[in-house]
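# Structure at a glance
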Amino acid sequence: MSRYDPAAIEPKWQKAWEEAETFIARRDESRPKYYVLEMFPYPSGRIHMGHVRNYTMGDVVARYKKATGFNVLHPMGWDAFGMPAENAAMERGGHPKDWTYSNIATMRGQMKPLGLSIDWTREFATCDPDYYGQQQAMFIDFMEKGLVYRKAAVVNWDPVDMTVLANEQVIDGKGWRSGAPVERRELTQWFFRISDFAEELLEALDSLDNWPEKVKTMQRNWIGKSRGLQFAFSLVNGPHGHDRIEVYTTRPDTLMGASFVAISPDHPLAKVLERENPEIATFNAEARRLGTSEEEIERAEKKGIDTGLRVRHPFDENWELPVWIANFVLMDYGTGAIFGCPAHDQRDLDFARKYGLPVIDTFVALEGGEPVKDAAFVPPKTEKVRWLKNFAWPEIATGEEAIEAAIRFCEKHGIGQGVTKYRLRDWGISRQRYWGCPIPVVHCEACGTVPEKKENLPVLLPDDVTFDRPGNPLDRHPTWRDVPCPRCGAPAKRETDTMDTFVDSSWYYARFTNPWAKTPTVPEDVDYWMNVDQYIGGIEHAILHLLYSRFFARAMHICGHLPAKSKEPFEALFTQGMVTHEIYMTRDERGRPVYHLPEEVEKTEAGARLKATGEPVEVIPSAKMSKSKKNVVDPEAIIAQYGADTARWFVLSDSPPERDVEWTAAGAEAAHKHLARVHRLAAEIAASSEAGSPEADEELRRAMHRTIHDVTMGVESFGFNAAIARLYAFTNTLARSKAGAEAKREAMRTLAQLMAPMTPHLAEEVWQMLGGEGLIAEAPWPKADPAMLVEDTVTLPIQINGKRRSEIVVPKDLPREEVEKRVLQDEAVQRALQGGAPKKLIVVPGRIVNVVV
RNA sequence: GCCCGCGUGGUGGAAUGGUAGACACAGGGGACUUAAAAUCCCCGGGCUUCGGCCAUGCCGGUUCGAGUCCGGCCGCGGGCACCA
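Residues numbered from 1 in each chain as written. Chains lettered and ligands numbered in written order. Predicted model: local features only at pLDDT ≥ 70, side-chain atom pairs only at ≥ 80, totals over all residues. Heavy atoms only, no water.

### Observations regarding the overall build of chain A
Looking only at helices and strands, chain A has 26 helices and 36 strands in total. The principal-axis extent of the C-alpha atoms belonging to chain A is close to 105 × 85 × 65 Å. Of all intrachain contacts in chain A linking residues separated by at least 6 positions in sequence, the fraction that spans at least 24 positions is 71%. Of the roughly 38100 Å² of accessible surface on chain A, a fraction of 49% belongs to carbon and sulfur atoms. Each charge class in chain A was averaged separately, 106 positive and 124 negative side chains, and the resulting centres sit 1 Å apart. (Helix = DSSP H or I, 4+ residues; strand = E, 2+ residues; numbered from the N terminus. Contact = heavy atoms within 4.5 Å. Areas by Shrake-Rupley, 256 points an atom, 1.4 Å probe, with all protein chains shown as cover. Lys, Arg positive; Asp, Glu negative; His and termini not counted. Charge placed at Lys NZ, Arg CZ, Asp CG, Glu CD.)

Structure, rendered in structure tokens:
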């Protein structure tokens, strides 16, 4: 009898699938299609367990759907542009292109042994000129449709390295390499008009029935629709040209509680004032050191400076409010100016207490009604409160009612307008970097910004660049920028900004339907293959990637690259949990963190230390595996030791797919043992000719159909771990069964089929051992016979006052009165009743009985 | 700080508002063996006066019945627009 030998089995069946072209997707209008897509990986260098988990889940769905009769598309590609390639070039020399393609080759080589049912003929990388050339063509289409524009926007500027920094490169307000305090700098940049679609993107969320509610909630909050009042305070003593401050508020009902006006340090008025007033200049400069990230700004200590300017309250000429500059007011949201109502906003209250500004209660709770002290009074807007400063509604009213009344009042008196605003901002896609898709635009002195001619696409990235100094090599390239204007032919300059890599990942799903087309998409292929029926990826992409993709699909539709049905390109979304791991950190001589891979660290009783130097290592609790933190586990060793099926089985079995899983090597051994047991059992059954009793045969068949049912439900609902638990149980049943050889062979073949999506190589092997016809990968999914699922009797637990005390076994369809009778005869019930009658007797048919005494 | 999640034995986890701990891991005991490995079988939430009692992060609520629903805390994780 041969032993389970994955090293022999797995390559054999992978070759068989390849020769049979089992997973090559071909358009076939006569069959229903199913498009399974996992978020494609960034080619960081090695695959990690998160990838294995992600792609195995997708593979289970793809193989299952194929078995149930669908024509499946399951492609793979690479999200290949981005910062790490340039960082690698700066750190180690070499070219981002070589680094990227070599990583792709390595990772493809690591992925192929997993035996994924991927159509590799469709593989592409977003840095392939073929792909980004089509992206440039679409950019030009977007320009024509008015979906693109330029405006000034702030970036993090490193004044020493003279370069733009990503938010992640700003650490405590300093550049990660130079250590210099970061400044905000304005640059003219390219934007997509996603905010024009805010309402549509919000409303359409309701139609995404197969998306997780939490993702839709996050997107709703991100879009941030609000109703409020826009109005202006008139300035009493404004500088020349500034006689008013435009303000937006969602709480106009609290206008009588206003105690100050605060403007952003980036507000035009703040910029005028800083020219005259050194203190204000210092304050603003300090505020701008926070960089551009909202998180940084919100978490910083709330500070302000009194400008000395005063505004008039719109309701009262004689009521003057001070104007402050505050570091927490964002220029990007609303008008960049607010009024503060400390009684009903905690942040405003903290600010008022800090700077001795008045706190004016405008409403109090119906009961109690204490004036505000240290905690702002912020009840839900739907709660009725007692108003002390109502101006257009009754004394007792909800916030909602008061807001609407306040807006109507202000509109009627010409004070302001009710407006709807969205938090969602336009999508800035300019990056001052080399390794990205060049924006296909030429700047001409006579013609302005002119799109490149489509026949000149792709605008290729030049290969002859160096990364020996910071900044964008495209800017300093001697010749690349010099091109004739596509319109007038005069000497002109190319745009040197490249696109945000989120653009690349916003349409790759559509490109997979025909990756080699000479246009971005081909109508017949997108019509047939779109939409993605099941999209699978990390929850960390819940907002940006998914929202951008939803916008991009709409923009592609407007330009004729996608049909109307694809405006929402992902029919169903599943967000898997992350694979987490501890982080190992030391610090360099300047105190900056240095991260280490798990294999570089050894853990002893005295603590963790570096294997190479013995230097103590700080262990930070588990977090998402990320290349920057280096807390990644390499699955290659697991695959080499146990085989791909063990790795696949293990990542699916131990944890529910949507939950995070902390990687641990323990347990892989157990998974392997189980697969070896299945193999051994199959061999025994294949060689057996024992006769069994009809009762044992029947019992095994019932268990088999129950398992088919449960596993099918599990796979359909992403309950992979539960499905695997059922498979464990059925293996135990089968191993102990006294059924005859024929019944066991049938059960074993079925077990192989049910395991095939998870452990496809072993399943093929077992299938072959038991005389299964053809490839199991091509075999139809087993069907549970409903008649075999019905049980004749049920066990009813009996609760007394909600606690389980006993149970009775009754025929399935026993009438309620009869059940009640038998319950009352039960020993435990009689003891509890002590001769009395129950207060209440609840019978949930087929489930439970509760006796209330 | 703001938005969104999650929290169950020693461990990973199971449980349409209906028997809390399925299925595994680790552990304990046994069988087989000269022995070991491998394999197979059995036992494992805590306390108990053996009647029961206490247990799903903590505190309250709704319900005949709450891990599940509601409110408030605590802890952890994800996102916060230039990481992907």
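### Considering the protein's contact with RNA strand B
With respect to spatial proximity, 67 residues lie near RNA strand B, and among them Asn-167, Arg-433, Asp-654, Asn-732 and Asn-850 are the closest. In RNA strand B, atoms within 4 Å of the protein come 63% from sugar and phosphate. At a separation of 2.8 Å, a base nitrogen of RNA strand B approaches a polar side-chain atom of Glu-295. Contact between RNA strand B and Arg-680: a sugar or linking oxygen at 3.4 Å from a side-chain N or O atom of the residue. (Near = heavy atom within 4 Å. Polar contact = N/O pair within 3.5 Å; in protein donor to acceptor, adjacent residues only side chain to side chain.)

### Focus: the sheet that holds strand S14 (residues 363-365)
Read from one edge of the open sheet, three strands run S14-S15-S16, paired in antiparallel fashion. Edge positions in the sheet fall to S14 and strand S16 (396-398), since each has one partner strand and no second. Across the sheet, the axes of successive neighbouring strands diverge by a mean angle of 50°, strand direction being ignored. Pairing analysis gives three bridges linking strand S15 (residues 384-387) to S16, with the strands arranged antiparallel. Paired with Val-385 across the two strands is Ala-397, which belongs to S16. (Pairing = 2+ DSSP bridges. Axes fitted to C-alpha atoms, helices over the stretch in contact; angles between N-to-C directions.)

### Description of helix H3 (residues 83-92)
What H3 keeps buried is the set Met-83, Ala-85, Glu-86, Asn-87, Ala-88 and Ala-89. For H3, the elements touching its buried residues are helix H4 (96-111). Following H3 by one or two positions, Gly-93 adopts a phi angle in the positive range, close to 80°. (Buried < 20%, exposed > 50% of the residue type's maximum accessible area, 1.4 Å probe, protein only.)

### Overview of the nonpolar core
Formed by 158 residues in total, the largest nonpolar core has its most connected members in Phe-142, Phe-192, Tyr-508, Tyr-509 and Met-748. With nine residues, the single largest contributor to this core is helix H2 (residues 49-67). Beyond its immediate sequence surroundings of up to four residues, Met-748 is in contact with Val-678, Leu-681, Ala-682, Ile-685, Leu-734, Val-766 and Leu-770. Of all hydrophobic cores here, the second largest spans 37 residues; its members include Val-385, Ile-403, Ala-405 and Ile-415. (Core = buried A, V, L, I, M, F, W, Y, C linked by side-chain atoms within 4.5 Å.)

### Topic: unusual backbone geometry
Across the junction of Leu-457 and Pro-458, the peptide omega takes the value -5°, indicating a cis bond. Within the secondary structure layout, Pro-458 lies in the loop between strand S21 (448-451) and helix H13 (473-476).

### Description of the packing of aromatic side chains
Counted according to the given criterion, the structure contains 46 aromatic pairs. Between Phe-574 and Phe-718 the ring centres are 3.9 Å apart and the planes differ by 10°, which places this aromatic pair in the stacked class. Of the two residues, Phe-574 sits in strand S26 (residues 573-576) while Phe-718 sits in the loop between helix H21 (694-716) and helix H22 (720-736), which places them 144 residues apart along the sequence. Like Phe-718, Phe-574 is buried. An aromatic cluster is defined as three or more aromatic residues linked by ring pairs; in this entry it consists of Phe-139, Phe-142, Trp-190, Phe-192, Phe-197, Trp-427, Phe-502, Tyr-548, Phe-551 and Phe-552. (Phe/Tyr/Trp six-rings, centres within 6.5 Å; stacked < 30°, edge-to-face > 60°.)

### So, the sheet that holds strand S23 (residues 491-494)
Ordered by their spatial adjacency, four strands build an open sheet running S21-S20-S23-S22, and the pairing between neighbours is antiparallel. Strand pairing shows two members of the sheet lacking a second neighbour, S21 and strand S22 (482-484), which therefore form its edges. Averaged over all pairs of adjacent strands, the angle between strand axes in this sheet comes to 45°, irrespective of strand direction.

### Looking at the domain arrangement of chain A
When its domains are assigned, chain A resolves into domain 1 (1-30 + 643-789), domain 2 (133-196 + 426-499), domain 3 (225-360 + 400-421), domain 4 (580-642) and domain 5 (793-852). For domain 2 and domain 3, the distance between their C-alpha centres works out to 34 Å. Taken together, the ten residues of domain 2 in the interface contact ten residues of domain 3. Of the roughly 820 Å² buried at the junction of domain 2 and domain 3 (both faces included), carbon and sulfur atoms supply 45%. Contact with domain 3 buries surface across domain 2, with Asn-167, Val-182 and Arg-184 losing the most and accounting together for 58% of the total. Inspection of the domain 2/domain 3 interface yields two salt bridges. (Domains from an automatic or database assignment. Buried area = accessible area lost by both parts, 1.4 Å probe. Salt bridge = Lys/Arg side-chain N within 4 Å of Asp/Glu carboxyl O.)

### Brief notes about the environment of Leu-388
Note that Leu-388 resides in the loop between S15 and S16. Spatially, the C-alpha atom of Leu-388 lies 68 Å from that of Thr-466, the residues being 78 residues apart in sequence. In contact with Leu-388, not counting residues within four places along its chain, are Asp-361, Thr-362, Phe-363 and Val-364.

### Focus on the pairing of S21
Note: strand S20 (residues 441-444) against S21, four bridges, orientation antiparallel. Among the inter-strand pairings, Val-441 is bridged to a residue of S21, identified as Pro-451. Following S20, the chain reverses through three residues before pairing antiparallel with S21.

### Considerations on the side chain of Ser-549
With respect to the secondary-structure elements, Ser-549 resides in helix H17 (residues 544-558). Under the relative-accessibility criterion, Ser-549 is labelled buried at 0%. Sequence-distant contacts of Ser-549, defined by excluding residues within four places in its chain, comprise Ser-505, Ser-506, Tyr-509, Pro-569 and Phe-570.

### A short note on the state of the cysteines
Under the counting rule described, the total for this entry stands at zero disulfides. Here Cys-447 stays free of any disulfide, with the sulfur of Cys-488 as its closest cysteine sulfur at 3.6 Å. With a relative accessible area of 23%, Cys-447 lands in the partly exposed category. (Disulfide = S-S within 2.5 Å.)

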